Amino acid sequence: MSVVTIKSSQQAIELEEKHGAHNYHPLPAVLKKGEGVFMWDVEDKKYYDFLSAYSAVNQGHCHPKIIGAMTKQAETLTLTSRAFHNDVLGKYEKFATEYFGFDKLLPMNTGAEAVETAIKICRKWAYEKKGIHENEAQIIVAENNFHGRTTTVISFSNDEGARKNFGPYTPGFLKVGYDNLEQLEEALKNTPNVAGFLVEPIQGEAGVFVPSEDYLSEARKLCKKYGVLFIADEIQTGIARTGSLLAVCGNCTCQNKCEQQSETYVRPDILILGKALSGGVYPVSAVLADNEIMDVIQPGQHGSTFGGNPVACETAIAALEVVYDENLIQNARELGNYFRAEMNKYIANSKVVKLVRGKGLLNAIVINDIEESSTAWNICVDLKENGLLAKPTHGNIIRFAPPLVITKEQLDECIAIITKTLSKFEDQV
Ligand SMILES: *Cc1c(COP(=O)(O)O)cnc(C)c1O
């Protein structure tokens, strides 16, 4: 029983294959180091990271300020559980609630846990504040949603792979088309006991689907009209990724913390955050809401051993400070516009790529091939050979989401890698 030394990527892949559960199908890149927008593999090949761990590493790999805050706290006190107080949690909760403009925060660890938390809060609010009969609350969700992997969350997924043979499923969820206000209003009008509407402001995993301009604001209005909670899952879209602090901020670029005075801001009743809340260095998630909603949760009714631990809290404070210290909102917005414009120049004469879509630095290209084809995968393997790491999502879509600290010069180099790689495929379509 000794620990082996990893000498090659191949060896590391074989170990995972043999000893690890096969619940992922990674691109064959074995990474050992990260810094800013770069990662290095076991053979010391350097890559641009164009996934950012699904938008967790918005602040760049191993950001010194975040790592500094985390290691300092790790040397001091790591975990008390919530049986006792710690001297960082309250400081973090004050900072984060002011930062996002809500009364209260409930700390968890992973995204899926935060989604579960939001569902529990929404249901409890429905029974205790709205007066819905116990066990009858319904939550409306969108088709092709991705909210995580727990039993309840996959209960309202329509991804066969995520669901099949994991039943019986949790009842109490109702699906409507994404970006479909008519179906949403129908459901709100005709379904008794609706408690909330849970939605991703942009559907990331589904393939970076950006809804119509007025979708979120109109959905918000419908929720108000029918007295149900508007719950935004910003785990992937939040924290500067889409060129505003949150995707629900719309076109608001306010750089002086979110003052939420912009007309485009669609304020959720419940906000769910994860991923970049820690800059990708530690699992930190959170649910934010105002008192009248959050106060339905009382001692003993929800919790997590690690949620709100001092390391997580210090890490999250630093990660949120970096967003404004380094102008990540502005950078994501400007470079996102530039990236799509440059890609569109290429696409104008391309047979391989149908379109590019996205917001800020959350983008995807759609490959001109059937969903079951391996073209997108093969393009990603070639991108890897050319020094850029990206991953297909849903067959023929490739997501491009670099860390938000990327510079224009670096992005130009990446666009050159991407277009050179795509060119090789033009004759094969
Ligand atoms: C990643 C993600 C989740 C799940 O987060 P985990 O930390 O993987 O549990 C939930 N919702 C959205 C929109 C996500 O992108």
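Fair warning: this is a prediction, and the values are worked out from it, not measured in the lab.

Comments concerning the sheet that holds strand 2 (residues 38-41)
- Judged by pairing direction, the sheet is mixed, and its four strands sit side by side in the order 1-2-3-13 without closing on themselves. The sheet is open, and its two borders are formed by strand 1 (31-35) and strand 13 (388-389), each paired with just one other strand.
- Its contacts with the sheet put helix 14 (residues 408-425) on strand 2, strand 3 (46-49) and strand 13, and the angle it makes with strand 3 is roughly 100 degrees.

What about the packing of helix 13 (residues 375-385) against helix 14?
- Packing of helix 13 against helix 14 brings their axes to within 10 Å, and their N-to-C directions diverge by 130 degrees. Judged by the angle between their axes, helix 13 and helix 14 are oblique. Once helix 13 is placed against helix 14, the crossing between them reads as right-handed. Of the residues in helix 14, those touching helix 13 at Thr375, Asn378, Ile379, Asp382 and Leu383 are Ile417, Ile418, Thr421, Leu422, Lys424 and Phe425.

Description of the packing of aromatic side chains
- Applying the stated criterion across every chain, the model contains eleven aromatic pairs.
- Taken together, the ring pairs in this structure connect Phe95, Tyr99, Phe100 and Tyr324 into an aromatic cluster.
- One Lys or Arg, Arg267, reaches over the ring of Phe102 and ends 4.3 Å from the middle of that ring.
- Positioned above the aromatic ring of Phe209, the side-chain terminus of Arg357 is 4.0 Å from the ring centre.

What about the environment of Glu263?
- By the secondary structure assignment, Glu263 is in the loop between strand 8 (229-233) and strand 9 (270-273).
- Using a relative accessible area of 84% as the deciding quantity, one classes Glu263 as exposed.
- Measuring from C-alpha to C-alpha, the distance between Glu263 and Cys252 comes to 8.1 Å, with eleven residues separating the pair along the chain.

Side note on the packing of helix 3 (residues 64-74) against helix 11 (residues 310-325)
- Contact geometry of helix 3 with helix 11 gives a least axis separation of 8 Å together with a crossing angle of 160 degrees. If you check the angle between helix 3 and helix 11, you find them roughly antiparallel. The two elements helix 3 and helix 11 cross, and the hand of that crossing is right-handed. Across the interface between the two elements, Lys65, Ile66, Ala69, Met70, Gln73 and Ala74 from helix 3 touch Pro310, Val311, Glu314, Thr315, Ala318, Ala319, Glu321, Val322 and Asp325 from helix 11.
- For the contact of helix 3 with helix 11, a count of residues per class yields nine nonpolar, two polar and four charged.

Describing the sheet that holds strand 7 (residues 194-199)
- If you trace the seven strands from one edge of the open sheet to the other, you get 4-10-9-8-7-5-6, paired in mixed fashion. Edge positions in the open sheet fall to strand 4 (104-108) and strand 6 (173-176), since each of these has one partner strand only. The mean inter-strand angle of the sheet, taken between neighbouring strand axes irrespective of direction, is 20 degrees.
- Judged from the three bridges that link them, strand 8 and strand 9 form a sheet pairing that is parallel. Looking at the pairing, Ala232 lines up with Leu271 of strand 9.
- In this fold helix 8 (residues 181-190) packs onto strand 5 (138-142), strand 6 and strand 7, with an angle of close to 150 degrees to the strand it touches most, strand 6.

Description of the site of the ligand
- The environment of the ligand is formed by Thr110, Gly111, Ala112, Phe146, His147, Gly148, Glu200, Asp233, Ile235, Gln236 and Lys275.
- Contacts to the ligand include Asp233, whose side-chain N or O atom sits 2.7 Å from a nitrogen atom.
- Lys275 has a polar side-chain atom sitting 2.6 Å from an oxygen atom of the ligand.
- Protein chains shield 81% of the accessible area of the ligand, which is 380 Å² for the free molecule.
- For the shell around the ligand, the residue count by class is three nonpolar, five polar and three charged.

Rules behind the numbers
- Residues numbered from 1 in each chain as written.
- Predicted model: local features only at pLDDT ≥ 70, side-chain atom pairs only at ≥ 80, totals over all residues.
- Heavy atoms only, no water.
- Pairing = 2+ DSSP bridges.
- Helix = DSSP H or I, 4+ residues; strand = E, 2+ residues; numbered from the N terminus.
- Contact = heavy atoms within 4.5 Å.
- Axes fitted to C-alpha atoms, helices over the stretch in contact; angles between N-to-C directions.
- Parallel < 35°, antiparallel > 145°, perpendicular 65-115°, else oblique.
- Left-handed = near helix turned anticlockwise from the far one by under 90°.
- Phe/Tyr/Trp six-rings, centres within 6.5 Å; stacked < 30°, edge-to-face > 60°.
- Lys NZ or Arg CZ within 6 Å of the ring centre and 35° of its normal.
- Buried < 20%, exposed > 50% of the residue type's maximum accessible area, 1.4 Å probe, protein only.
- Nonpolar A, V, L, I, M, F, W, Y, C, P; charged D, E, K, R; others polar.
- Near = heavy atom within 4 Å.
- Polar contact = N/O pair within 3.5 Å; in protein donor to acceptor, adjacent residues only side chain to side chain.
- Areas by Shrake-Rupley, 256 points an atom, 1.4 Å probe, with all protein chains shown as cover.

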